[in-house]
Amino acid sequence: MQDAAILVPVYRSGDGQLHIVMVLRSDGGVHGGQVAFPGGKRDRCDLSMLETALREAREEVGLTSDRVEVLAHFPAIETRTTGYRVYPFLARIIPPVQWQLTKREIADIIDVSLNELVRPDAHGQAIERFSTWQKSAEVAFYRVGSHRLWGLSYRILHPLIPRLIAGEWPV
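Residues numbered from 1 in each chain as written. Predicted model: local features only at pLDDT ≥ 70, side-chain atom pairs only at ≥ 80, totals over all residues. Heavy atoms only, no water.

Visitor: I would appreciate a short explanation of the packing of aromatic side chains in the present structure.
Guide: Between two aromatic rings, the relevant description is the distance of the centres plus the angle of the planes. Under the counting rule described, the total for this entry stands at 2 aromatic pairs. Measuring from centroid to centroid gives 5.9 Å for Phe74 and Trp169, while their planes differ by 85°, and the two rings are edge-to-face. Within this pair, whereas Phe74 is found in the loop between strand E5 (68-73) and strand E6 (77-78), its partner Trp169 is found in the segment after helix H3 (151-165), the two being separated by 95 residues in sequence. A centroid spacing of 5.2 Å and a plane angle of 35° characterise the contact between Tyr142 and Tyr154, whose relative ring orientation is tilted. Remark: Tyr154 occurs in helix H3 and Tyr142 occurs in strand E10 (residues 137-144); sequence separation between them is 12 residues. When its relative accessible area of 4% is taken as the criterion, Tyr142 is described as buried. The side chain of Arg148 reaches across the aromatic face of Phe141, ending 4.1 Å from its centre. (Phe/Tyr/Trp six-rings, centres within 6.5 Å; stacked < 30°, edge-to-face > 60°. Helix = DSSP H or I, 4+ residues; strand = E, 2+ residues; numbered from the N terminus. Buried < 20%, exposed > 50% of the residue type's maximum accessible area, 1.4 Å probe, protein only. Lys NZ or Arg CZ within 6 Å of the ring centre and 35° of its normal.)

Below, the structure written as structure tokens:
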């Protein structure tokens, strides 16, 4: 298992809407083309998994640690086929004026309001088959614009949504 860490960045817009910031991974690589959260593999120089998440967010999208306040950390969760153990951190952020994307890793920023994710038509399921899977399986997902958020990112976000709606953390 390879250790990795991610940030689940959230913020309130000027109109009071709660937003979640995600990324669209650039094509290529194990998770290419997928909607995910900023983050990645632990480097030997990282002193903690939080340091990994903060370093990766800075490297991938230009989100500096002075714009991040960690609200919670959650137990590690493992990918089902790619061999990663991921440590998620929920963080209130001050979004930068302009995101600084590392294009070889990140194709785009996806900024979605929580209201969009709780609409009944935003949640779906489909039978999928991927080259790394032994057989087809039903996959739950969120529609995020023209993309689908599924897999590990879905398994991290899905239980957080009702907790965010309930105001468990001061965002």
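Visitor: Can you help me understand the sheet that holds strand E9 (residues 123-128) in this one?
Guide: Two modes of strand pairing occur in sheets, parallel and antiparallel, and in both the strands are linked by backbone hydrogen bonds. Across the sheet, 3 strands lie side by side as E9-E10-E11; this open sheet has antiparallel pairing. Each edge of the open sheet is held by one strand with a lone partner, namely E9 and strand E11 (147-149). Strand-to-strand twist in this sheet, taken as the mean axis angle between neighbours without regard to direction, amounts to 50°. Bridge analysis of E9 against E10 gives 6 bridges, and the strand direction is antiparallel. Paired with Ala126 across the two strands is Val139, which belongs to E10. Against the sheet, H3 engages E9, E10 and E11, with an angle of about 65° to E10. (Pairing = 2+ DSSP bridges. Axes fitted to C-alpha atoms, helices over the stretch in contact; angles between N-to-C directions. Contact = heavy atoms within 4.5 Å.)

Visitor: Before we go on, may I ask you to explain the environment of Asp111 in this structure?
Guide: Its location among the elements puts Asp111 in strand E8 (residues 106-113). Given the relative accessible area of 33%, Asp111 is considered partly exposed. Taking C-alpha positions, Asp111 is 9.1 Å from Val144, a pair spaced 33 residues apart along the chain. In this view, Asp111 contacts Tyr11, His19, Ile20 and Val21; residues no more than four positions away in its chain are not counted. A distance of 2.4 Å separates polar atoms of two side chains, one belonging to Asp111 and the other to Tyr11. A polar side-chain atom of Asp111 sits 2.6 Å from a polar atom in the side chain of His19. (Polar contact = N/O pair within 3.5 Å; in protein donor to acceptor, adjacent residues only side chain to side chain.)

These results come straight from atomic positions and should not be treated as a statement about function.
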